[in-house]
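For reference, the chains in residue letters:
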Amino acid sequence: DAKTTQPNSMESNEEEPVHLPCNHSTISGTDYIHWYRQLPSQGPEYVIHGLTSNVNNRMASLAIAEDRKSSTLILHRATLRDAAVYYCILRDVISPTGTASKLTFGTGTRLQVTL
Amino acid sequence: EPEVTQTPSHQVTQMGQEVILRCVPISNHLYFYWYRQILGQKVEFLVSFYNNEISEKSEIFDDQFSVERPDGSNFTLKIRSTKLEDSAMYFCASMRVRAYNEQFFGPGTRLTVL
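Note that residues are indexed from 1 along each chain, following the sequence as it is written. Labels follow written order: the first chain is A, the first ligand is 1, and so on. Local features in this predicted model are restricted to residues of pLDDT 70 or higher, and side-chain atom pairs are both shown and tallied only at a pLDDT of 80 or more, whereas totals for entire chains, interfaces and linings draw on every residue. Excluded from the side-chain calculation are hydrogens and water; included are all heavy atoms of the structure.

## Thoughts on the overall build of chain A
1) Next: The secondary structure listing takes helices from DSSP runs of H or I that are at least 4 residues long and strands from runs of E that are at least 2 residues long, numbered from the N terminus. Per the secondary structure count, chain A includes 0 helices and 9 strands.
2) Next: We compute the radius of gyration from the C-alpha atoms alone; for a globule the expected value is 2.2 Å times N to the 0.38, where N is the number of residues. Scaling as 2.2 N^0.38, a compact globule of 115 residues should have a C-alpha radius of gyration of about 13 Å, and chain A matches this with 14 Å.
3) Next: Overall, the C-alpha framework of chain A stretches about 45 × 30 × 25 Å when taken along its three principal axes.
4) Next: In chain A, buried positions account for 46% of the 115 residues.
5) Next: Whether two residues touch is decided by their heavy atoms; if any such pair falls within 4.5 Å, the residues are in contact. Taking contacts inside chain A between residues at least 6 apart in sequence as the whole, the part at least 24 apart equals 58%.
6) Next: Of the roughly 5,800 Å² that chain A leaves accessible, carbon and sulfur atoms contribute 49%.
7) Next: All tallies of charge rest on Lys and Arg as positive and Asp and Glu as negative; His and the ends of each chain are not included. For this purpose, a charge sits on NZ of Lys, CZ of Arg, CG of Asp or CD of Glu. Across chain A, the centroid of the 10 positively charged side chains sits 6 Å from that of the 11 negatively charged ones. Type-normalised accessible area, obtained with a 1.4 Å probe on protein chains alone, sets the label of each residue: buried when under 20%, exposed when over 50%, and partly exposed for intermediate values. Only the protein chains shown count as cover for residues, with accessible areas throughout obtained via the Shrake-Rupley method and a probe of 1.4 Å.

Set out below in structure tokens:
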């Protein structure tokens with residue numbers, strides 16, 4: 001699996017935007033970029049995914065660099081409920097296991113949100 | 001909103017005992033997974049299951065582990081003879097179709113092996 005690199009931790013003030021970076025310089029053309037988060041004492045939760053174009057949903061935005069070697073998850077207005085570990089994960093849709101491909105979690109970025 | 005459920009929330013067992021962890025995936029999902037997370041460590045993939053057979057398994061998923069979909073709704077993980085190092089949170093996940101779709105995770109079962 002292609003590797004991702006994220007900062008160990010970041011801090012943000014409530015109601016301010018947060019930009020969570022991820023480097024994936026060895027990404028292949030068939031890798032989708034996924035973001036999941038894990039709130040304290042809970043299972044991981046899907047946030048967003050993309051391939052080449054920037055993506056928006058109700059939770060966040062995903063900005064993907066033109067060369068796809070990096071991406072940024074953007075939380076537009078962080079709240080205390082957004083304090084979690086955020087994982088950037090690459091999934092190869094034509095891997096040998098194809099449609100059943102697993103998620104490979106790294107250590108992620110621990111986001112702290114303060115008042 | 002449909003969700004993945006897991007029972008029990010906490011299981012305590014003696015070393016060497018068999019445990020079965022239960023999951024009810026979202027009803028129209030076709031792909032099922034088990035992951036585990038040892039306290040303070042990364043979430044690790046154990047096994048994926050599709051069309052009533054294992055699609056992929058990790059090195060952790062040795063002969064002591066098995067999975068089953070005994071009926072149309074439950075998905076179980078059995079550990080035949082638990083070891084101290086099996087103590088972890090076990091998460092079940094399910095997915096509707098395709099590798100680039102989201103996986104929905106359950107709340108987890110905390111397994112404590114004494």
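## Here's the deal with the sheet that holds strand β4 (residues 45-50) of chain A
All names here are of chain A.
1) Next: At least two bridges found by DSSP between two strands is the condition for calling them paired. The 5 strands lie next to each other as β1-β9-β8-β3-β4, forming an open sheet whose pairing is mixed. Both outer strands of the open sheet, β1 (9-13) and β4, are each paired with one neighbouring strand and no more. Looking at each pair of strands side by side, their axes are set apart by 25° on average, direction ignored.
2) Next: For strand β3 (residues 31-38) and β4, the ladder comprises 5 bridges, and the chain directions are antiparallel. Its bridge partner being in β4, Trp35 is matched across the sheet by Ile48. Structural elements are reduced to axes, namely lines fitted to C-alpha atoms, with helices fitted over the stretch in contact, and the angle between N-to-C directions of any two is expressed from 0 to 180 degrees.

## Looking at the pairing of strand β8 (residues 84-92) of chain A
All names here are of chain A.
1) Next: Where burial is concerned, most of β8 is hidden: 8 out of the 9 residues are buried.
2) Next: Across 8 bridges, β3 lies against β8 in antiparallel orientation. Looking at β8, one finds that Arg37 is bridged to Tyr86.
3) Next: Strand direction decides the pairing type here: β8 and strand β9 (residues 109-114), joined by 3 bridges, are antiparallel.

## Things to note about the interface of chain B and chain A
1) Next: Each side of the interface is counted separately: chain B has 21 residues, and chain A has 22 residues.
2) Next: Values labelled buried area give the accessible surface lost by two parts on being combined, using a 1.4 Å probe and summing over both. With both sides pooled, the region where chain B packs onto chain A buries about 1,800 Å², and carbon together with sulfur makes up 58% of that total.
3) Next: The rule for a salt bridge is simple: a side-chain nitrogen of Lys or Arg has to be within 4 Å of a carboxyl oxygen of Asp or Glu. There are 1 salt bridge connecting chain B and chain A.
4) Next: Linking Glu56 of chain B and Lys102 of chain A is a salt bridge whose minimum nitrogen-to-oxygen distance equals 2.8 Å.
5) Next: Whenever a nitrogen or oxygen atom comes within 3.5 Å of another N or O atom, the pair is scored as a polar contact, on the condition that within protein one atom can donate a hydrogen and the other can accept it, and that pairs from neighbouring residues in sequence are kept only if both atoms are in side chains. Linking chain B with chain A are 4 residue pairs in polar contact (both at pLDDT 80 or more), by the criterion used here.
6) Next: It is strand β4 (residues 31-37) of chain B that provides the largest number of residues to the side of chain B that touches chain A, a total of 4 residues.

## Notes on the state of the cysteines
Residues and elements named next belong to chain A.
1) Next: Here, a disulfide means two cysteine sulfur atoms that sit within 2.5 Å of each other. If you walk through the whole model with that rule in mind, you get 2 disulfides over all chains.
2) Next: Between Cys22 and Cys88 runs a disulfide, and the two sulfur atoms are separated by 2.1 Å. Negative torsions about the S-S bond denote left-handed disulfides, and the value of about -80° found for Cys22 with Cys88 makes this one left-handed. You can see Cys22 sitting in strand β2 (residues 18-23) and its partner Cys88 sitting in strand β8, a full 66 residues away along the chain.
3) Next: Classification of Cys88 by relative accessible area gives buried; the value is 1%.

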